[in-house]
Amino acid sequence: MKGQIAFVSIAAALFCLLLLSCARYSNRLYGHWKLIPGKSVSIDPWADLVLDIHGDGTHVTIVKHYSGGNTHDLRVDSMTVNTEGNEEIVPIPPGRWLGEVSMGIYYGSETKRHVLARMSDSNNEVDIDARETLETAQGTTDVEVKETYALASDGSTLRLSENRSTRRSGSPLTYTFARATQ
């Protein structure tokens, strides 16, 4: 009888650990996220923005898929960085600066992004500080962007808050995303 009680107790404990690990993973930032336009600042001229966030514990990959509404107007911004607070240099494909595509600002052919990322202990928030040099008609300019990706407590929405050195006044740009299936 004592053997059966011990077996049932161990099985119940293992089952609870399995449930906790699954619940912890479902509350993470990792996943596929679709912009909720009514709860976000404008992304004009883009029609849609989708995020894919994945990680392995020490690194996080964030992929932003911008769509202009047709199959030929797509842009992807992707970076993989460590989340241990070490600065990394991440390449950027040349082309329009996705921060404000209508302003005539571009990434040059040699542009690099200097990135420092930190993941919260609960894996529900990641802060990214980035510096990059942009090209304009008047020459080059250095831009700092501070992004915070924060998961809502229910795990169904994600909020991206972005502060740019090019916006000296006003509140941060905020975007809200809903968890989506791919």
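Please read all numbers here as calculations on a predicted model, not as lab measurements.

K.L.:
Pulling in residues and values, what's your account of the overall build of the protein?
P.N.:
Of regular secondary structure, the protein possesses 1 helix and 12 strands. Start at the N end of the protein and walk to the C end: the helices and strands fall as α-β-β-β-β-β-β-β-β-β-β-β-β. Buried positions account for 35% of the 182 residues belonging to the protein. Taken as a whole, the protein presents about 10700 Å² of accessible surface, with 55% of it coming from carbon and sulfur.

K.L.:
Pulling in residues and values, what's your account of unusual backbone geometry?
P.N.:
The omega torsion of the bond from D44 to P45 falls at 15°, within 30 degrees of zero and hence cis. Here P45 is to be found in the loop between β1 (31–35) and β2 (48–55). Positive phi, normally seen in glycine, also occurs at N123, with a value near 60°.

K.L.:
Tell me what's going on with the pattern of salt bridges, and back it up with residues and numbers.
P.N.:
Using the criterion set out here, one finds 8 salt bridges in the structure. The closest approach of N and O atoms between R131 and E87, which form a salt bridge, is 3.0 Å. On the criterion of sequence distance, the pair formed by R131 in strand β9 (residues 125–136) and E87 in the loop between β4 (74–82) and β5 (88–91) is long-range, its members being 44 residues apart. The exposure class of R131 is partly exposed, given its relative accessible area of 36%. Judged by relative accessible area, which is 46%, E87 ranks as partly exposed. Here R113 ties to E132 by a salt bridge, and the two come within 2.8 Å at their closest N and O atoms. In this pair, R113 is assigned in strand β8 (residues 112–119) and E132 in strand β9, connecting sequence segments 19 residues apart. Grouping residues by exposure puts R113 and E132 together as buried. Here the salt bridges do not stand alone but share partners, grouping D77, R113 and E132 into one network.

K.L.:
Report on the packing of aromatic side chains, specifying residues and quantitative values.
P.N.:
This model, assessed by the stated rule, comprises 1 aromatic pair. Centre to centre, the rings of W46 and Y66 are 5.4 Å apart; their planes meet at 45°, and the pair counts as tilted. Within this pair, whereas W46 is found in the loop between β1 and β2, its partner Y66 is found in strand β3 (residues 59–67), the two being separated by 20 residues in sequence. For the pair W46 and Y66, one class covers both residues: buried.

Rules and cut-offs
- Residues numbered from 1 in each chain as written.
- Predicted model: local features only at pLDDT ≥ 70, side-chain atom pairs only at ≥ 80, totals over all residues.
- Heavy atoms only, no water.
- Helix = DSSP H or I, 4+ residues; strand = E, 2+ residues; numbered from the N terminus.
- Buried < 20%, exposed > 50% of the residue type's maximum accessible area, 1.4 Å probe, protein only.
- Areas by Shrake-Rupley, 256 points an atom, 1.4 Å probe, with all protein chains shown as cover.
- Salt bridge = Lys/Arg side-chain N within 4 Å of Asp/Glu carboxyl O.
- Phe/Tyr/Trp six-rings, centres within 6.5 Å; stacked < 30°, edge-to-face > 60°.

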